[in-house]
Amino acid sequence: MKVKSKVSVAVLLGAMVSSLGTVGTAQAAVVTGGKALGGFSVVSSDFFVNAAEKSTEDTDAAELFSKVEVPEGIAFADVTTSLNVRTGPSTNYSRIGQLGRNAYCIVESVENGWAKITSGKVSGYCITDYLIMGDEAKALAESLGTVTATVKSDVQVLNVRSAPDTTEDNIIAKVSSGESFKVVKELVISKNDPEAKTFVQIEWNSDAEENMKAYVCAEYVTVAYKYKPAVESSSYGDGVSQLRTNMIDFAMKYLGTPYVWGGNSLSRGVDCSGFVKQVFSNFGYGYNMPRVSRDMANTYKKVSASEAKAGDLVFYHNLRTGVVDHVAIYIGNGKIIHANNGVEISNVNYRTVYKYARVIWD
């Protein structure tokens, strides 16, 4: 993948489209002031988007503006499932976190086969045998990073929309500050938007619809090239049975598994309900479990948020259609594990919860 030079998105924010070329002729858009909006073409009757659509499987339009930033000392976890991060340089020390497959860390020092590292909120030690470091890691940095839109810290709730305009009937979800989403297109302008807002198209994974389009207003997110961080180890909460603990431990082994719509492989790729079904099947609870989230939601009995335990299910729905389209496994302490941007851990309220439900009554 070749990353193009960074262009200031701020210059384009709030730009008012004043004229439009003939649809289908790929003419450049024109903005207020009579200057052409370089790098843009008319590709539909409604939107201006990045002109550099995918021309090959290895080219991503999201890379038009953001470029790879390679931190000094970067390394990546070369594991099938996860690499333990410990409080000291020995397996005798307790685990404080995990680096999932291809997760990054910054190596501060190396001694006797152990690296002192920092990744996200986790600082500790891990075995160097399972790290890709040095020039090899720098060469991998471009392919392992992701152009990501992160909701700004001063934005309490952000609307996710099915089209890039500010009309009231296209809100499909509300997401919280700090949540991140993979960018599909970094800049989208709708000629029909009464507020002339600039939008970012994000990857929105729903088992109700493949390749569903979703957009967030660009002024409320920060777009940057990011790497997958380590995950903190934590207790799964009080009163959690050994069965539930084992189930969450098992699910955590597959952090980093790619998201594949309709996928059922914990190693090659899963969607949200495929991930849940495969995890529960490993413990004998998946045989009669429905395959899609909306059917799971109709099958299992609701519990309150205060009653929810690690190993319960959490469902989310499309606010516009009312259809349940996503399911996660609650892991306690306000966190979930789910197949979203790959298998990852998120805050349970990363979007509006539809309901909690229980499969295992123990």
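My aim in this report is to walk through the structure given alongside it, one point at a time. Just so we're clear, the structure is a prediction, and the values are computed from it rather than from any experiment. (Residues numbered from 1 in each chain as written. Predicted model: local features only at pLDDT ≥ 70, side-chain atom pairs only at ≥ 80, totals over all residues. Heavy atoms only, no water.)

### Here we look at the pairing of strand β17 (residues 213-217)
Across the five residues that make up β17, a large majority, four, are buried. Across five bridges, the pairing between strand β16 (residues 198-203) and β17 is antiparallel. Bridging across to β17, Phe199 finds its partner in Cys217. (Buried < 20%, exposed > 50% of the residue type's maximum accessible area, 1.4 Å probe, protein only. Helix = DSSP H or I, 4+ residues; strand = E, 2+ residues; numbered from the N terminus. Pairing = 2+ DSSP bridges.)

### Describing the packing of helix α2 (residues 242-252) against helix α3 (residues 272-281)
Across the interface, α2 lies against α3 with an axial gap of 10 Å and an inter-helix angle of 130°. Here α2 lies oblique to α3, going by the angle between them. Between α2 and α3 lies a crossing of right-handed hand. Residue-level contacts link Met247, Phe250 and Ala251 of α2 to Phe275, Val279 and Phe280 of α3. Broken down by class, the residue content of the contact of α2 with α3 amounts to six nonpolar, no polar and no charged. (Axes fitted to C-alpha atoms, helices over the stretch in contact; angles between N-to-C directions. Parallel < 35°, antiparallel > 145°, perpendicular 65-115°, else oblique. Left-handed = near helix turned anticlockwise from the far one by under 90°. Contact = heavy atoms within 4.5 Å. Nonpolar A, V, L, I, M, F, W, Y, C, P; charged D, E, K, R; others polar.)

### Comments concerning the packing of aromatic side chains
Working definition: an aromatic ring pair is given by the centre-to-centre distance plus the angle between the planes. Tallied over the entire structure, the rule returns eight aromatic pairs. Where Phe181 meets Trp204, the ring centres are 5.8 Å apart and the plane angle is 40°; that geometry is what we call tilted. Separated by 23 residues along the polypeptide, Phe181 in strand β15 (residues 180-190) and Trp204 in the loop between β16 and β17 bring together distant segments of the chain. Taken individually, Phe181 and Trp204 each receive the classification buried, so the pair is uniform in this respect. Counting every residue linked through ring pairs, the aromatic cluster contains Phe76, Tyr104, Tyr225 and Tyr227. Over the aromatic face of Trp361 sits the side chain of Arg358, whose NZ or CZ is 5.2 Å from the ring centroid. (Phe/Tyr/Trp six-rings, centres within 6.5 Å; stacked < 30°, edge-to-face > 60°. Lys NZ or Arg CZ within 6 Å of the ring centre and 35° of its normal.)

### Remarks on the nonpolar core
In terms of nonpolar packing, the biggest core is built from 38 residues, with Val160, Val200, Ile202, Trp204, Tyr227 and Ile336 touching the most fellow members. Setting aside residues no more than four positions away along its own chain, Val160 makes contact with Asn170, Ile171, Ile172, Ala173, Val175, Ile202, Trp204, Ala214, Tyr215 and Val216. In terms of nonpolar packing, the next biggest core, distinct from the first, is built from 35 residues, Val270, Cys272, Ala339 and Ile360 among them. (Core = buried A, V, L, I, M, F, W, Y, C linked by side-chain atoms within 4.5 Å.)

### Examining the side chain of Arg101
Considering the arrangement of structural elements, one finds Arg101 in the loop between β7 (95-100) and β8 (104-111). Of the side chains with opposite charge, Asp78 lies nearest to the buried Arg101, which makes no salt bridge, at 8.8 Å. A polar contact is formed between the side chain of Arg101 and the backbone oxygen of Ser267, at a distance of 3.5 Å. (Lys, Arg positive; Asp, Glu negative; His and termini not counted. Salt bridge = Lys/Arg side-chain N within 4 Å of Asp/Glu carboxyl O. Polar contact = N/O pair within 3.5 Å; in protein donor to acceptor, adjacent residues only side chain to side chain.)

### Thoughts on the sheet that holds strand β26 (residues 342-347)
Pairing is antiparallel across the open sheet formed by six strands, whose spatial order is β22-β27-β23-β24-β25-β26. Whereas interior strands pair on both sides, the edge strands pair on one side only; in this sheet they are β22 (301-303) and β26. Between one strand and the next, the sheet's axes are offset by a mean angle of 40°, whatever the strand orientation. Against the sheet, α2 touches β24 (324-332), β25 (335-340), β26 and β27 (353-358), its axis set at about 115° to β24. Packed onto the sheet, α3 meets β23 (313-317), β24, β25 and β26 and runs at close to 45° relative to β24.

### Quick look at the environment of Val160
Among the secondary structure elements, Val160 is positioned in strand β13 (residues 157-161). Between the C-alpha atom of Val160 and that of Ile172, which follows or precedes it by 12 residues, the distance is 5.8 Å.

### Brief notes about the layout of surface pockets
What the second largest pocket holds in volume is close to 200 Å³. Forming the boundary of the second largest pocket are Val157, Leu158, Asn159, Arg161, Thr166, Lys174, Glu195, Lys197, Phe199, Cys217 and Tyr220. Split into classes, the residues belonging to the lining of the second largest pocket amount to five nonpolar, two polar and four charged. (1 Å grid on protein atoms, 1.4 Å probe; cavity = no way out; pocket = protein on both sides within 12 Å on 5 of 7 lines; lining within 4 Å. Points joined across faces, edges and corners; volume = space filled by probe spheres on them.)

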